[in-house]
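# Remarks on the overall topology
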Amino acid sequence: MGDHHNNISVPNDETIRLGDIRNKLMIGGYGVGLAAMIVALLLGMFAKDQLRHFFFAYLTSYLFFLSISLGALGFLALQHLTRAGWSASVRRITEVIAMTLGPMALLFLPILFSVLSGSHVLFQWNDAELMATDHLLAGKEPYLNATFFTIRAVIYFSVWIAAAWYFLAKSTAQDDSGDPQLTLRMENKSPLVVFAFALTVTFASFDWAMSLDPKWFSTMFGVYFFAGAMVSFFSFTLICCATLQSWGKLKDVITVERYHDLSKFIFGFVLFWGYIAFSQYLLYWYGNIPEETVWYLVRQNDAWRSVSLVLLFGQFIIPFLGTMSRAVRRNKALMVGWAIFLLVMHWVDMFWLVMPQYSPEKLPLGWMELACLIGLGGFFIGNIAWIAAERRLLAIRDPRLPESLALKNM
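Numbering of residues starts from 1 in every chain and runs along the sequence as written. pLDDT decides what is reported in this predicted model: residues at 70 or higher carry local features, side-chain atom pairs at 80 or more are listed and counted, and totals for whole chains, interfaces and linings draw on all residues regardless. To get the side-chain values, all heavy atoms of the structure are used, and hydrogens and water are removed first.

### Re the nonpolar core
For clarity, the threshold we go by: The nonpolar core is taken to be a set of buried Ala, Val, Leu, Ile, Met, Phe, Trp, Tyr and Cys residues, with the residues joined through side-chain atoms within 4.5 Å. The buried label applies to any residue whose accessible area, calculated with a 1.4 Å probe on protein chains only, is under 20% of its type's maximum; exposed applies above 50%, and partly exposed to all values in between. Per the convention used, a helix needs a DSSP run of H or I reaching at least four residues, while a strand needs a run of E reaching at least two, with both numbered from the N terminus. Contacts between residues were defined by any pair of non-hydrogen atoms, one from each residue, lying within 4.5 Å.
Ranked by internal contacts, the top residues of the largest apolar core, which has 135 residues, are Tyr62, Leu66, Trp160 and Trp208. Of the residues forming this core, the biggest block, 18 residues, is contributed by helix 2 (residues 52–81). Ignoring sequence-local partners within four residues, the contact set of tryptophan 208 consists of Leu59, Leu63, Leu66, Phe108, Phe123, Phe149, Ala153, Tyr156, Phe157 and Trp160.

Spelled out as C-alpha cells, the structure:
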C-alpha cells in the first residue's frame, strides 16, 4: 500500500552526479582490477594445469558479477512492464548497473577464446574424443559444440546490451526533453524485453554453468540462477544507494521508504531462491535417477557438504529470519549489513555451482579465487563509474518521479 502526493521539489544540482568521485572510482577500480587479474593469471601459469584452476575461478566470479548486471536489466524491464512508480528514484542507478553488460561481454572473451581454441579444461563437452565415445554426450553434440556455443553467446549479449542501452538512452534523453512519450515507448517495449530476457538468461545459465557437467540437466536451473541474480542485484543496489548518500549524493531523494522497498524485494527473493533450490533438490531426491542425482552427490560429500550447509543457512534461513522485521527493513545500516552478507552468500552460491566440477574431492578456496574476485570486482566498479560519467544519478524528469519521492509505505 502506498500514500501518494505530488508537487515534490526535485534536486537539480551536483548532488545527483558522481562528479570528482567518478575518476577516483575508475582509476582505483581498473587499477586494482588489472593488478589482481595479473596476479591470478600468474598463479594460473605457475600451477601448470593448462590454466584450468584459473578458468574455473574466473568463471565463478564472472557469473557473480554478471548476475548483478542481469538482475538490474530484469528489474528495469519489469518496472516498465508494470508501470511502477515507486522505483523511479532509484531507476537511473539501475540503468547504469544494467549497462555494465557491455563491458561484461568483453570480460567473457577469455572464456570464449578458450572454447574456440579447442580447450576443454573448462567445458568437457569441448573434448571431441569424449563426445564421440560417450553415447549420452554424443546425443547432445548438436547443441554442445564450440560454434553453436559462440553463436548463442553473441545472441545473449546482443539482446542484453541492446535492451540496457535502449532503457538508458531513452531515460537520459528524457532528462533533457521531459517528453513523457519516452516513458510510454519504454513501457511498450518492455514485454518484448521481458520475454527475451527470460529466454536468454535461462539458456545462458544452461551454457555457462549447468553444462560444466554436460551429463546433468535441470529445467529449473535458469529460474534458480535468476532468483540468485535478483537477490544480488537488490543487495548491490541498496549498498550503492547507501554509499552514494555517504558521499553526499541523492541525500533527499532516496529516503527510508526506498530502502524499505528494496529490502522487501531482498526478503522476497531470498524466499523465492530458497523455494526454487528446495524444489529442484526435492525433484531429484524423489526421482532418484543415478545420472541426475550425481550432481548433488558431489555437493554432499565431506568437502562440499559444509558449503551446502552454509548456503542453506546463509542464503536462506538466516537472512529470511533476519530481514523479516519491518523495523530491520527500515534501518539503513542494518540492511547494508544484510546486503553485504547476501552478496557474500551469492558468491558462495556461484562457487558451489562451478567449482565442484574442478575439484570434487576438496575445496579449492585460495588466492586464485580471491584474485579473480578482486580483479573482476575492480573492473565492475570501474565500469559503473565509466558508464555513469557525467550523467545524472536521478531520472530528473521522469513523470513518475514525484510519485516515487512522495510514496510512503503504510
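### Looking at the packing of aromatic side chains
When we look at a pair of aromatic rings, we describe it by the centre distance and by the angle of the planes. Filter applied, for reference: Each pair of aromatic rings taken from Phe, Tyr and Trp, with Trp reduced to its six-membered ring, is defined by centres within 6.5 Å and is described as stacked if the planes are under 30 degrees apart, edge-to-face if over 60, and tilted in the remaining cases. Both a distance and an angle decide whether a charge sits over a ring: NZ of Lys or CZ of Arg must be within 6 Å of the ring centre and within 35 degrees of the ring normal.
A complete count under the given rule lists 49 aromatic pairs for this structure. Here tryptophan 347 and phenylalanine 351 contribute two aromatic rings whose centre-to-centre distance is 5.3 Å and whose plane-to-plane angle is 20 degrees, an arrangement assigned as stacked. Residue tryptophan 347 and its partner phenylalanine 351 are both found in helix 15 (residues 332–354); the two are separated by four residues, about one turn of the helix. Relative accessible area serves as the criterion here: at 3%, phenylalanine 351 is assigned to the buried category. Residue placement shows arginine 299 over the ring face of tryptophan 295; its charged tip is 3.7 Å from the ring centre.

### Observations regarding helix 9 (residues 181–208)
Using the following cut-off: In this scheme, a helix's expected span is set at 1.5 Å multiplied by one less than its residue total. The bend at a residue is defined as the angle formed between two axes, one fitted to the seven residues ending at that residue and one fitted to the seven starting there.
For helix 9, spanning 28 residues, the distance from its first C-alpha to its last is 38 Å, which sits close to the expected 40 Å at 1.5 Å a residue. Along its length, helix 9 shows its largest kink, about 40 degrees, at serine 190, and proline proline 191 lies within four residues downstream of that point.

### A closer look at the environment of phenylalanine 195
With respect to the helices and strands, the residue phenylalanine 195 is situated in helix 9. Phenylalanine 195 sits in the exposed class, given a relative accessible area of 55%. A sequence separation of 118 residues divides phenylalanine 195 from alanine 77, and the C-alpha atoms of the two residues are 9.7 Å apart.

### Quick word on the pattern of salt bridges
Defined as follows: What makes a salt bridge here is a side-chain nitrogen of Lys or Arg within 4 Å of a carboxyl oxygen of Asp or Glu, nothing more.
Under the criterion given, the structure shown has eleven salt bridges. Among the ionic pairs, aspartate 398 bridges to arginine 91, the shortest N-O distance being 2.4 Å. With aspartate 398 in the loop between helix 16 (367–388) and helix 17 (401–406) and arginine 91 in helix 3 (residues 91–99), this pair connects stretches of sequence that are 307 residues apart. On the accessibility criterion, aspartate 398 (4% relative accessible area) is buried.

### Re the state of the cysteines
We count it as follows: Working definition: a disulfide is two cysteine sulfur atoms within 2.5 Å of each other.
Tallied over the entire structure, the rule returns zero disulfides. Cysteine 241 provides the cysteine sulfur closest to cysteine 240, a residue in no disulfide bond, and the two sulfurs are 6.9 Å apart. Judged by relative accessible area, cysteine 240 falls into the buried class, the value being 17%.

### Here's the deal with a nonpolar patch on the surface
Rules: Excluding any residue in a salt bridge, patches collect residues exceeding 30% relative accessible area, merging like charges within 9 Å and nonpolar Val, Leu, Ile, Met, Phe, Trp and Tyr side chains within 5 Å. Accessible areas in this description were obtained via Shrake-Rupley with a 1.4 Å probe; residue shielding takes into account the shown protein chains only.
A contiguous nonpolar surface patch, about 550 Å² in accessible area, is contributed by Val32, Val39, Leu43, Trp367, Leu370 and Ile374. If you list the elements that add at least two residues to the nonpolar patch, you get helix 1 (21–47) and helix 16. You can see tryptophan 367 is positioned in helix 16.

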